[in-house]
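# An overview of the molecular structure
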Amino acid sequence: MGTDGKPLPKLYKISSRNASKVQFSMLDSVNALRLAAGATEVSFDSKLNAAAATHARDMSVQNRPWHFGSDGSSPLDRVARLGYPGIMLGENISETFETELETLSAWMDQKDTRDVILDPRATNMGFAWHQESNGKIWWTLLMGS
């Protein structure tokens, strides 16, 4: 118990065994939110997933959550580099110790990140993370059409 009398938070560790569960939990949750808002469902795109994974790891290396890569690349650059044939609509990022659903909730609380998730033009999603040994998670979500 903490000094406030509440239980101390547990370390949220994503194992390789439950990685696909985490990824599909996010997709299902995003699609539920999109349907409730009147938007169509999205599906994973392997190129967007790869771009998200690359950026999550790069943010960890840079030790800062921002949209530019250590090589100066923008989200548009990273998606194009991987050959995504569609239009990249937006990128959400986070540096946190929270779960994917807590992170999604935080994104939904902010207009700019909520707009990325609910963009009615979106048909594809990429989602990935990098977790450091101390438990910190760098999340990246991309939407495209």
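Structure: above.
A brief structural summary. Computed from a predicted structure; not experimentally measured.

An order of β1-β3-β4-β2 is seen for the four strands of this open sheet, with the pairing classed as mixed. For this open sheet the edge positions go to β1 (43-44) and β2 (88-96), each flanked by a neighbour on one side alone. The sheet contact formed by strand β3 (residues 124-131) and strand β4 (residues 137-144) spans eight bridges and is antiparallel. Looking across to β4, one finds that A128 is bridged to T140.

We now examine the packing of aromatic side chains. As enumerated under the stated definition, the model contains five aromatic pairs in all. These aromatic residues form a ring-pair network of at least three members: F127, W129 and W139. Sitting over the face of the ring of W66, R64 holds its NZ or CZ atom 3.8 Å from the ring centroid.

On to helix α2 (residues 46-62), then. Taking 1.5 Å as the rise per residue, α2 with 17 residues should run 24 Å; its terminal C-alpha atoms sit 24 Å apart, in good agreement. Considered for burial, the residues of α2 that qualify are L48, N49, A51, A52, H55, A56, D58, M59, S60 and Q62. In this fold, the buried residues of α2 make contact with α1 (19-36), β1, α3 (75-81), β2, β3 and β4. One or two steps after α2, the chain reaches N63, where phi turns positive at roughly 55°.

Note that E100 resides in helix α4 (residues 100-108). The buried charged residue E100 lacks any salt bridge partner; its closest oppositely charged side chain belongs to K21, at an N-O distance of 7.5 Å. When sequence neighbours within four positions are dropped, the list of residues in contact with E100 reads Y12, V22, S25, M26, F127 and W139.

As a further point, take the environment of I93. By the secondary structure assignment, I93 is in strand β2. For the pair I93 and M59, spaced 34 residues apart in the sequence, the C-alpha separation amounts to 9.2 Å. With residues up to four places along the chain from it excluded, the contact list for I93 reads H55, M59, P65, W66, H67, W107, W139 and T140.

A separate point is the packing of α4 against helix α5 (residues 111-118). Where α4 meets α5, the axes come as close as 6 Å, and the angle between the chain directions of the two elements is 110°. The angle between α4 and α5 falls in the class roughly perpendicular. Mapping the contact onto sequence places L104, W107 and M108 in α4 and T113, R114, I117 and L118 in α5. For the contact of α4 with α5, the per-class residue count stands at five nonpolar, one polar and one charged.

Right, let's get into the nonpolar core. Ranked by internal contacts, the top residues of the largest apolar core, which has 22 residues, are V30, I117, M125, F127, W139, L141 and M143. Only α1, α4, α5, β3 and β4 provide two or more residues apiece to this core.

This next bit is on the pattern of salt bridges. Scanning the model with the defined rule gives five salt bridges in all. As a salt-bridge pair, R81 and D71 come within 3.0 Å of each other at their nearest N and O atoms. With R81 in helix α3 and D71 in the loop between α2 and α3, the pair connects residues that are ten residues apart, well separated along the chain. Across this residue pair, the class does not change: R81 and D71 are exposed. D119 is the partner of R121 in a salt bridge, and the nearest nitrogen-oxygen pair spans 2.7 Å.

It is worth spelling out the side chain of E91 at this point. Within the element layout of this structure, E91 appears in strand β2. Among the polar contacts listed, one links the side chain of E91 to the side chain of H67, at a separation of 2.6 Å. At 3.0 Å, the side chain of E91 forms a polar contact with the side chain of R78. Dropping the residues within four chain positions of it, E91 is found in contact with H55, H67, P75, R78, V116, T140, L141 and L142.

Conventions and cut-offs
- Residues numbered from 1 in each chain as written.
- Predicted model: local features only at pLDDT ≥ 70, side-chain atom pairs only at ≥ 80, totals over all residues.
- Heavy atoms only, no water.
- Pairing = 2+ DSSP bridges.
- Helix = DSSP H or I, 4+ residues; strand = E, 2+ residues; numbered from the N terminus.
- Phe/Tyr/Trp six-rings, centres within 6.5 Å; stacked < 30°, edge-to-face > 60°.
- Lys NZ or Arg CZ within 6 Å of the ring centre and 35° of its normal.
- Expected span 1.5 Å × (residues − 1).
- Buried < 20%, exposed > 50% of the residue type's maximum accessible area, 1.4 Å probe, protein only.
- Contact = heavy atoms within 4.5 Å.
- Lys, Arg positive; Asp, Glu negative; His and termini not counted.
- Salt bridge = Lys/Arg side-chain N within 4 Å of Asp/Glu carboxyl O.
- Axes fitted to C-alpha atoms, helices over the stretch in contact; angles between N-to-C directions.
- Parallel < 35°, antiparallel > 145°, perpendicular 65-115°, else oblique.
- Nonpolar A, V, L, I, M, F, W, Y, C, P; charged D, E, K, R; others polar.
- Core = buried A, V, L, I, M, F, W, Y, C linked by side-chain atoms within 4.5 Å.
- Polar contact = N/O pair within 3.5 Å; in protein donor to acceptor, adjacent residues only side chain to side chain.

Purely spatial values, then, with no claim about function.
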